[in-house]
Amino acid sequence: MAVKGGPADSRTRSTVSICIVIGMCVFFYILGAWQKSGFGKGDSIALEITKRTDCTILPNLSFDTHHSKQGVSSDLVSPVKKFKPCPDRFTDYTPCQDQNRAMKFPRESMNYRERHCPPQKEKLHCLVPAPKGYVAPFPWPKSRDYVPFANCPYKSLTVEKAIQNWVQYEGNVFRFPGGGTQFPQGADKYIDQLASVIPFANGTVRTALDTGCGVASWGAYLLKRNVLAMSFAPRDSHEAQVQFALERGVPAVIGVLGTIKLPYPARAFDMAHCSRCLIPWGIHDGLYMMEVDRVLRPGGYWVLSGPPINWKANYKGWQRTKEDLEAEQNKIEEIAELLCWEKVSEKGETAIWRKRVNTESCPSRHEESTVQMCESTNADDVWYKKMKACVTPLPDVENPTEVAGGAIEPFPSRLNAIPPRIANGLIPGVSSQAYEKDNKMWKKHVKAYSNVNKYLLTGRYRNIMDMNAGFGGFAAAIESQKSWVMNVVPTIGKIATLGAVYERGLIGIYHDWCEAFSTYPRTYDLIHASGLFTLYKNKCSMEDILLEMDRILRPEGAVIMRDDVDVLAKVDKFAQGMKWNTKLVDHEDGPLAREKVLFAVKQYWVGGNQTASA
């Protein structure tokens, strides 16, 4: 008789146990895969998103230009809030540079022309209309010279600047001959004069700052020399200067040298320029020249055309006394010497200075009593910070020939080279390897984008904005003379990356998206936003950010938003209520990735036939 609990019985129990364990593993593996797929969550939104994340384009999402009204898509899980059009008087509404609000602030030092944004209770929660007859701008390069009258129906500049060859009205278009106050014979000839001193041709000068830009003809004509200018002018009595610039397809923002620092990082621009920009450079102990020095790269150039340069020959035409003009030029020369700018040319009414490459090559900097150095340890901390009459310190160098902060390769090599700020460890927590990985990732993202929006790389979108630019990877991946990108680095981000963006030969600006951007309505053809709504979660209203996107986006302009699936589900509902057609697609790595991409197209519609109140 066999004994109970013998060897055979033990083997049977072991076999059963193994089978049970294997069965449980298989069960939980299948359960986990089922849950990851999105079908095991019992969530109606997730189910709807899964259904819609294929790689096809819905019929209602079109990237073509039609200039006609289209119906709003209704493939929604639940009803959405529909936004009404604003009254027609808000056609050119610029919330933070509103004329009525501006007049409540002091005129001293142009304070009233600076940013003064409305409080939350005064924000408009409606869609800013395009003017009657609005059409898509001409494609570049024709847009440089012609702007449809219906898009900017203001003739004041054609009268006030008639003799200066700024802009001419011809039937249903404005024509821009390329003239300016200091270059009535054309920007090309003026730039040729500068090129005899400044090396545009070899790629060492790539980024420029144009203060008091007018209609930005200087920046427009620099583009064919592969120089990208950030132009700014205040919203003043000359209507639509910046609006004209952007309609022409030239980078520009509403801005002024007043009391707060410019929204750019230190050592950003290869060149700065003032062509009769009416900025009083000599006042406040050289405050404004010191701010230009902060944003000017070591070895960069500053160009000043017009009063008081060559005052001896021109004082009668400028209707100012010789004594006044002489005192102004002497003050400018004194401040330039204090800043260690070397005067490299003065010809006619144009003078050019060059900033020293480091402090070691600046003898006067060793005389501490003559120089007031800024105490701030972060020269890039500029958002709403007051300007001070002090000199921004340069990074230390080991020898007199070394470029402070690091030498930069000529463009286009610098576009993908490791920026000196990263190579030298000046951006905390960012390595050269992380930068190269980011660069590679954005090339992959842009390739996937272009599979959905076939017009992305064709020049269909001239003015492009990246609302959360990081290191400028998106802009670098689409770099072309057919388009330009305004790289926006949010001020609430953990690290300041805008300096690296400029070191790549790109342009951009600091901004807080809880406020309106400093531009006119309808000035961008395409807007890209990666991780923006996650970044601003619990900071300000998603609705406010989306309405601001709608304000600055042209009719039939496109939007690409990349974010977490749950975030984009909420964005999608708002977008549908703003007359946007939308399409949600999977991450290029597949449907299991929580990050998705929402494509949108703003429908064409204009004011004049809408009945709504703000």
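Here, the structure is the one placed above.
Let us look at the structure shown here. Every chain is numbered independently, its residues counted from 1 as its sequence is written. Per-residue local features are limited, in this predicted model, to residues with pLDDT of at least 70; the limit for side-chain atom pairs, both in listing and counting, is 80 or more; totals at the level of whole chains, interfaces and linings are taken over all residues. No hydrogens and no water enter the side-chain calculation; it runs on all heavy atoms of the structure.

### Details of the overall build of the chain
Okay, so step 1: Along the backbone of the chain there are 18 helices and 17 strands.
Okay, so step 2: Here the chain holds 614 residues, and the buried ones make up 53% of them.
Okay, so step 3: The contact criterion used throughout is that any non-hydrogen atoms of two residues lie within 4.5 Å. The long-range fraction of contacts in the chain, counting pairs at least 24 apart against all pairs at least 6 apart in sequence, stands at 70%.
Okay, so step 4: Accessible area of the chain: about 27,100 Å², with a carbon and sulfur share of 54%. A helix here means a DSSP run of H or I that spans at least four residues, while a strand means a run of E at least two residues long, and both kinds are numbered starting from the N terminus. Each residue's exposure class comes from its accessible area (1.4 Å probe, protein chains only) as a fraction of the maximum for that residue type: buried when under 20%, exposed when over 50%, partly exposed otherwise. Accessible surface area values rest on a Shrake-Rupley calculation with a 1.4 Å probe, where residue burial reflects the displayed protein chains alone.

### Overview of the pattern of salt bridges
Okay, so step 1: Definition used for salt bridges: Asp or Glu carboxyl oxygen within 4 Å of a side-chain nitrogen of Lys or Arg. One pass over the full model with this rule turns up 32 salt bridges.
Okay, so step 2: The partner of Asp-544 in a salt bridge is Lys-123, with the nearest N and O atoms 3.7 Å apart. In this pair, Asp-544 sits in helix H17 (residues 542-552) while Lys-123 sits in the loop between helix H3 (99-102) and helix H4 (142-145), placing the two residues 421 residues apart along the sequence.
Okay, so step 3: A residue is classified by how much of its surface remains accessible, and Asp-544, at 12% relative accessible area, is buried.
Okay, so step 4: The class for Lys-123 is partly exposed, based on a relative accessible area of 22%.
Okay, so step 5: Of the charged contacts in the structure, one is a salt bridge between Arg-554 and Glu-247, with a shortest N-O distance of 2.7 Å. Pair noted here: Arg-554 is in strand E15 (residues 553-564) and Glu-247 is in helix H8 (residues 241-247), with a separation of 307 residues, a long-range link.

### With respect to the state of the cysteines
Okay, so step 1: The term disulfide is used for any two cysteine sulfur atoms that are within 2.5 Å. The final tally for this structure, using the stated rule, is 6 disulfides.
Okay, so step 2: Between Cys-340 and Cys-362 runs a disulfide, and the two sulfur atoms are separated by 1.4 Å. Every disulfide takes its handedness from the sign of the S-S torsion; for Cys-340 and Cys-362 that torsion is 75 degrees, giving right-handed. Of this pair, Cys-340 sits in the loop between helix H11 (322-338) and strand E9 (341-347) while Cys-362 sits in the loop between strand E10 (350-355) and helix H12 (420-423), and the two are 22 residues apart along the sequence. In terms of burial, Cys-340 and Cys-362 fall into one category: buried.
Okay, so step 3: Through a disulfide, Cys-514 is tied to Cys-540; the S-S separation comes to 2.3 Å. With the S-S dihedral at roughly -90 degrees, the linkage between Cys-514 and Cys-540 falls on the left-handed side. Residue Cys-514 is found in the loop between strand E13 (507-511) and strand E14 (524-530), and its partner Cys-540 is found in the loop between helix H16 (532-535) and H17; the two are separated by 26 residues along the sequence.
Okay, so step 4: When the bonded cysteines of the chain are counted from the start of the sequence, the pairing works out to 1-4, 2-3, 5-6, 7-8, 9-10, 11-12.

### Some words on the nonpolar core
Okay, so step 1: Residues grouped as a nonpolar core are buried Ala, Val, Leu, Ile, Met, Phe, Trp, Tyr and Cys residues, joined through side-chain atoms within 4.5 Å. Core analysis: the biggest nonpolar cluster contains 131 residues, and Tyr-264, Met-271, Trp-281 and Met-561 have the highest contact counts within it.
Okay, so step 2: Aside from chain neighbours lying at most four places away, what touches Met-561 is Ala-529, Phe-533, Leu-546, Met-549, Leu-568, Val-571, Trp-580, Lys-596, Val-597 and Leu-598.
Okay, so step 3: Counting 10 residues, the second largest nonpolar core, distinct from the first, contains Trp-166, Val-215, Ala-240 and Phe-244.

### What to know about the environment of Leu-415
Okay, so step 1: Structurally, Leu-415 is set in the loop between E10 and H12.
Okay, so step 2: Of the residues examined, Leu-415 reaches a relative accessible area of 7% and is grouped as buried.
Okay, so step 3: Separated by 86 residues in sequence, Leu-415 and Val-501 have C-alpha atoms that sit 9.0 Å apart.
Okay, so step 4: Beyond its immediate chain neighbours, meaning those up to four positions away, Leu-415 contacts Tyr-435, Ala-476, Glu-479, Arg-504 and Leu-506.

### A word on H17
Okay, so step 1: Burial analysis of H17 places 11 of its 11 residues in the buried class, which makes it a mostly covered element.
Okay, so step 2: Of the positions making up H17, those classed as buried are Met-542, Glu-543, Asp-544, Ile-545, Leu-546, Leu-547, Glu-548, Met-549, Asp-550, Arg-551 and Ile-552.
Okay, so step 3: Sitting at the head of H17, Ser-541 places a side-chain oxygen 3.1 Å from the backbone nitrogen of Glu-543. Nitrogen and oxygen atoms within 3.5 Å of one another constitute a polar contact, given that in protein one can donate a hydrogen and the other can accept it, and given that sequence-neighbouring residues count only through two side-chain atoms.

### What about the packing of H17 against helix H18 (residues 565-577)?
Packed helices, taken two at a time, are described by the angle their axes make and the gap between the axes.
Okay, so step 1: Between N-to-C directions, angles cover 0 to 180 degrees, with each direction set by a line fitted to C-alpha atoms, over the stretch in contact for helices. At a minimum axis separation of 10 Å, H17 and H18 run at an interaxial angle of 55 degrees. Of the possible angle classes, the one that applies to H17 and H18 is oblique. Here H17 and H18 pass one another in a crossing that is right-handed. Two secondary-structure elements touch here, H17 through Met-542, Glu-543 and Leu-546 and H18 through Val-567, Lys-570, Val-571 and Phe-574.
Okay, so step 2: We call Asp, Glu, Lys and Arg charged. Ala, Val, Leu, Ile, Met, Phe, Trp, Tyr, Cys and Pro are nonpolar, and the rest, Gly among them, are polar. By residue class, the composition of the contact of H17 with H18 is 5 nonpolar, no polar and 2 charged. The labels follow the angle: roughly parallel below 35 degrees, roughly antiparallel above 145, roughly perpendicular from 65 to 115, and oblique for the rest. Each crossing gets its hand from how the near helix is turned against the far one by less than a right angle, where anticlockwise is left-handed and clockwise is right-handed.

### Brief notes about the packing of aromatic side chains
Okay, so step 1: Pairing of aromatic side chains requires ring centres within 6.5 Å, counting the rings of Phe and Tyr and the six-membered ring of Trp. Pairs whose planes differ by under 30 degrees are stacked, by over 60 edge-to-face, and all others tilted. By the definition in use, this model includes 20 aromatic pairs.
Okay, so step 2: A ring pair is formed by Phe-90 and Tyr-93, whose centres lie 5.3 Å apart and whose planes are at 80 degrees; its orientation type is edge-to-face.
Okay, so step 3: On the basis of relative accessible area, Phe-90 is assigned to the buried category, the value being 14%.
Okay, so step 4: For Tyr-93, a relative accessible area of 12% translates into the label buried.
Okay, so step 5: Ring geometry for Trp-484 versus Tyr-524: centroids 5.8 Å apart, planes at 65 degrees, classification edge-to-face.

### As for the pairing of strand E4 (residues 207-211)
Okay, so step 1: Counting buried residues in E4 gives 5 out of 5 residues, a clear majority hidden from the surface.
Okay, so step 2: You can see the chain leave E4, run along helix H7 (residues 217-222) and come back into strand E5 (residues 228-233), and the turn it takes is right-handed.
Okay, so step 3: Bridge count between E4 and strand E7 (residues 269-275): 3 bridges; the pairing is parallel. Bridge pairing in E7 places Ala-208 opposite Met-271. When the strands point away from the viewer and the path from the first strand over the helix to the second turns clockwise, the crossover is right-handed. DSSP bridges decide pairing: two strands pair if at least two such bridges lie between them.

### Let's talk about helix H13 (residues 432-452)
Okay, so step 1: Every helix has an expected span of 1.5 Å times one less than the residues it contains. Along its 21 residues, H13 runs 31 Å from first to last C-alpha, staying within 8% of the 30 Å computed at 1.5 Å per residue.
Okay, so step 2: Those residues of H13 that fall on the buried side of the exposure criterion are Ser-432, Tyr-435, Asp-438, Asn-439, Trp-442, His-445, Val-446, Ala-448, Tyr-449 and Val-452.

### A word on the environment of Lys-573
Okay, so step 1: Within the secondary structure, Lys-573 sits in helix H18.
Okay, so step 2: Measuring from C-alpha to C-alpha, the distance between Lys-573 and Lys-82 comes to 9.4 Å, with 491 residues separating the pair along the chain.

### Things to note about the sheet that holds E9
Okay, so step 1: The strand order across the open sheet formed by 7 strands is E6-E5-E4-E7-E8-E10-E9, and the pairing between neighbours is mixed. Because the sheet does not close on itself, it has two edges, and the strands there are strand E6 (252-254) and E9. For this sheet, the mean angle separating the axes of adjacent strands, direction not counted, is 20 degrees.
Okay, so step 2: In terms of strand pairing, E7 meets strand E8 (residues 296-305) through 6 bridges, oriented parallel. Each residue of the ladder has a partner; that of Met-271, found in E8, is Tyr-301.
Okay, so step 3: Along the sheet, helix H6 (residues 187-195) makes contact with E7, E8, E9 and E10, crossing E10 at roughly 45 degrees.
Okay, so step 4: Where helix H9 (residues 287-295) meets the sheet, it contacts E4, E7, E8, E9 and E10, and its direction lies at approximately 140 degrees from that of E8.

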